[in-house]
Amino acid sequence: ERRFTSHAAHELRTPVAALRAQAEVALATRDPDVRDAALRHGIEACDRMTRLVTQLMQLARADEAGHLASATSCELRTIAEHVLADSAPAAMQDRTSVALEASDPGRVLGDSALLEALVRNLVDNALQHGGPHGEVRVGLVQHDRQIRLTVEDTGPGVTPETLERLGRRFYRAAEATATGSGLGLSIVKRITELHGGCVSFRNGDADRGLRVEVTIPIQGCERSN
């Protein structure tokens, strides 16, 4: 808990300092172009803080849950459709194509809000690290009484050393070019565990892109403490 609090405080200090610096630039300059650029950078810092706080709240909720006290029937295909619809503007801005291939509704027993957070973090991660002009593919199939959810991008991929560390809290790959807190995949891992499933990471074909695979049992939820 102390490590988590320390990391969270450190991550929040960076965008707060950036926001203050840009506000000072905007106040000090008389050049409208410089002022407008500073304000845009300030908004970017606000967006980064918003994302970080949202992820911290998601992780805190997953940690506090400990187990799924009450589970309802959830359809992962519907959740994925909503997440991809929300992500469309960002994907279009980077000229990234997004596709959903769902041969199964993906019905599981679980917490719909946590499952949405799981899918959203996977898609956001793929959009951030896949790079512009790429592809993000979301797949959903039923296999051996499990629902398999995959999210894959066409970015540069990661090293074997990085693959072993993905899912750790506040871990950011050295080769990563996008900004982030290093929390997205750890949230995915924790929520998957709460639903009795497992998550794996590997590079895509020809070692290009990252493929994240989440499997969750169809019948019931393995409750873990």
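Look up a bit, the structure's there.
Residues numbered from 1 in each chain as written. Predicted model: local features only at pLDDT ≥ 70, side-chain atom pairs only at ≥ 80, totals over all residues. Heavy atoms only, no water.

(A) Representation of the nonpolar core within the structure. Among the nonpolar cores identified, the biggest contains 43 residues, and L118, V119, L122, L149 and V214 are the most heavily contacted of them. Mapped by element, the contributors of at least two residues to this core are α2 (32-65), α3 (76-93), α4 (112-130), β4 (135-143), β5 (146-153), α6 (184-194), β6 (198-203) and β7 (210-217). With residues near it in sequence (within four places) discarded, V119 still touches I79, A80, V83 and L149. (Core = buried A, V, L, I, M, F, W, Y, C linked by side-chain atoms within 4.5 Å. Buried < 20%, exposed > 50% of the residue type's maximum accessible area, 1.4 Å probe, protein only. Helix = DSSP H or I, 4+ residues; strand = E, 2+ residues; numbered from the N terminus. Contact = heavy atoms within 4.5 Å.)

(B) View of the pattern of salt bridges. Under the definition given, this model contains 10 salt bridges. One salt bridge in this structure joins R120 and D86, with 3.1 Å as the shortest N-O distance. Here R120 is found in helix α4, whereas its partner D86 is found in helix α3, with 34 residues between them in sequence. A salt bridge links E152 to R137, with the shortest nitrogen-to-oxygen separation between them at 3.7 Å. (Salt bridge = Lys/Arg side-chain N within 4 Å of Asp/Glu carboxyl O.)

(C) Expanded view of the environment of I218. Looking at where I218 falls in the secondary structure, it is placed in the segment after β7. With 110 residues separating them in the primary sequence, I218 and V108 have C-alpha atoms 5.0 Å apart.

(D) The arrangement of unusual backbone geometry in detail. We note that R95 has phi near 55°; this positive angle belongs to a residue other than glycine. Non-glycine residue H133 carries a positive phi angle of around 60°. With respect to the helices and strands, H133 occurs in the loop between α4 and β4.

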